Amino acid sequence: MSEQTPEPGQAQEQEHGRTRQGAPQPRRVVVVGAGMAGVQTAVALREQGFTGTVTLIGAEPHQPYDRPPLSKAVLLGKAEGSAFDVDFEALGVELRLGCAALAVRTDAHALDTSEGPVPYDVLVLATGAEPVRLPGTEDVPGVHLLRTLDDAERLRPVLAGQQDVVVVGAGWIGAEFATAAREAGCAVTVVEAAGRPLAGVLPAEVAAPMTAWYADSGAVLRTHARVAAVEPGAVVLDDGERLPAGAVVVGIGARPATGWLAGSGIALGEWGEVLADDRLRTGAPDVYAVG
Ligand SMILES: Cc1cc2nc3c(=O)[nH]c(=O)nc-3n(C[C@H](O)[C@H](O)[C@H](O)COP(=O)(O)OP(=O)(O)OC[C@H]3O[C@@H](n4cnc5c(N)ncnc54)[C@H](O)[C@@H]3O)c2cc1C
């Protein structure tokens, strides 16, 4: 391990005066979250010569996968999945899938998971984001999110069956889903509370051409349309209009998946994001954040 490529935690060890230059000790790095950021962290550790143990923990049961194809090839049935082309075994990365992190005890350097405690020397937080749900729709049948491989697989029959779909939210997910659903032959109506697509994401002049995506694909875009309720088979707008919907896809944003860090002492920002410095160090010793 060269000085140019310090091991995770080495900087802090140097600050604590504990680094044994030239004789790196085996260390346990635990990466929580097996998405793009977590996988890249594990791979980069090996690429840069880290010889300690690397454990990659992911809540989902699937082999780690890339999300962008979910709203494209996977949704349309053109690809069965989008697993990363990484040989974790050959890299010496231990995968623990279907294992949810529940809490961190930073004093004890221990991660509590659904499968029991996992000790670490260095912990990397890479739990990414989770979709915002439309309040009151949790138990309504036919309401979907699009964040995970399971979500995409649940939506494939909707497209294959050419159901009428109402998409709530004209953001990136709404645009991508609407385009794919139109390609599959579904009738698609997109309802957006703001006056234009991607409001709050891009400036109006940048987002303006994207409004054309909807018309080009044959989707109906309804701006200034606020959802009052979702019932089985229909979306009800706040002016009382009912939009029939064989399926409803909610794409109203995502927020950091950091609820499990409550009480850990790791500082979170206004939106629940992990606060880290320019070297990705959180305020807790030996805990980093990526993604
Ligand atoms: C459908 C879709 C299409 C997209 N298309 C594009 C695109 O075209 N271009 C683009 O730039 N970006 C796109 N994105 C965004 C991109 O996928 C994200 O920016 C990227 O996934 C972020 O990676 P991440 O590793 O930080 O987080 P995530 O991908 O969110 O991964 C975090 C992982 O941590 C796991 N996790 C969460 N909590 C826990 C816990 N407590 N314990 C254990 N594991 C946990 C999750 O299961 C997840 O696997 C798309 C996203 C989606 C959903």
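Residues numbered from 1 in each chain as written. Predicted model: local features only at pLDDT ≥ 70, side-chain atom pairs only at ≥ 80, totals over all residues. Heavy atoms only, no water.

A.B. asks: Any chance you could explain the site of the ligand here in plain terms?
C.D. replies: In the vicinity of the ligand, 26 residues are found, and the nearest of them are Ala37, Glu60, Arg67, Ala101 and Arg147. In the environment of the ligand, an oxygen atom lies 3.2 Å from a nitrogen or oxygen atom belonging to the backbone of Ala129. Starting from 990 Å² of accessible surface for the ligand in isolation, the protein chains cover 74%. Looking at the shell around the ligand, its residues break down into 14 nonpolar, seven polar and five charged. Both domains that meet at the shell around the ligand, namely domain 1 (10-128 + 257-289) and domain 2 (131-250), each give it at least three residues. (Near = heavy atom within 4 Å. Polar contact = N/O pair within 3.5 Å; in protein donor to acceptor, adjacent residues only side chain to side chain. Areas by Shrake-Rupley, 256 points an atom, 1.4 Å probe, with all protein chains shown as cover. Nonpolar A, V, L, I, M, F, W, Y, C, P; charged D, E, K, R; others polar. Domains from an automatic or database assignment.)

A.B. asks: Any chance you could explain the side chain of Thr282 here in plain terms?
C.D. replies: Secondary-structure assignment places Thr282 in the loop between strand S17 (254-256) and strand S18 (287-289). With near-sequence residues (within four places) excluded, Thr282 lies in contact with Leu125, Ile266, Val274, Leu275, Ala276, Val287, Tyr288 and Ala289. (Helix = DSSP H or I, 4+ residues; strand = E, 2+ residues; numbered from the N terminus. Contact = heavy atoms within 4.5 Å.)

A.B. asks: For this particular structure, what's the right way to read the sheet that holds strand S3 (residues 93-97)?
C.D. replies: For sheets, the rule is that strands pair by backbone hydrogen bonds, running either parallel or antiparallel. An order of S3-S2-S1-S7-S18 is seen for the five strands of this open sheet, with the pairing classed as parallel. Each edge of the open sheet carries a strand with a single partner, namely S3 and S18. Across the sheet, the mean angle separating the axes of adjacent strands is 20° when strand polarity is ignored. The pairing of strand S7 (residues 122-125) with S18 spans three bridges and is parallel. The partner of Leu123 across the bridge, within S18, is Val287. Against the sheet, helix H2 (residues 36-47) makes contact with strand S1 (28-32), strand S2 (53-58), S3 and S7, and its axis sits at roughly 170° relative to S2, the strand it touches most. (Pairing = 2+ DSSP bridges. Axes fitted to C-alpha atoms, helices over the stretch in contact; angles between N-to-C directions.)

A.B. asks: It is not clear to me how the domain arrangement of the chain should be interpreted in this structure. Could you clarify?
C.D. replies: The parts lose accessible area when they come together, and the size of an interface is often stated as this lost area. Parsing the chain into structural domains produces domain 1 (10-128 + 257-289) and domain 2 (131-250). Overall, the association of domain 1 and domain 2 removes approximately 1300 Å² of surface from exposure, summing both partners, and the carbon and sulfur fraction of that is 60%. Looking at the side of domain 1 facing domain 2, the largest losses of area belong to Ser71, Leu75 and Leu76, adding up to 41% of the total buried there. There are three salt bridges connecting domain 1 and domain 2. The salt bridge involving Lys72 is made with Glu176; its shortest N-O contact spans 2.9 Å. (Buried area = accessible area lost by both parts, 1.4 Å probe. Salt bridge = Lys/Arg side-chain N within 4 Å of Asp/Glu carboxyl O.)

A.B. asks: Looking at this structure, how should I read the sheet that holds strand S15 (residues 242-244)?
C.D. replies: Pairing within the open sheet is antiparallel, and its three strands lie in the order S13-S14-S15. Two strands close off the open sheet at either side, each with one partner strand: strand S13 (227-231) and S15. Sheet twist, expressed as the average angle between the axes of neighbouring strands with direction ignored, equals 20°. Inspection of the sheet shows strand S14 (residues 234-237) paired to S15 by three bridges, in the antiparallel sense. The residue bridging Ala234 from the neighbouring strand is Pro244, located in S15.

A.B. asks: Please explain the environment of Val104 as it appears in this structure.
C.D. replies: By secondary structure assignment, the location of Val104 is in strand S4 (residues 101-105). In this structure Val104 comes out as buried when scored by relative accessible area, which is 6%. Separated by 65 residues in the primary sequence, Val104 and Val39 have C-alpha atoms spaced 20 Å apart. Among residues more than four places away in sequence, those in contact with Val104 are Ala110, Leu111, Tyr120, Leu123, Trp260, Leu261 and Ser264. (Buried < 20%, exposed > 50% of the residue type's maximum accessible area, 1.4 Å probe, protein only.)

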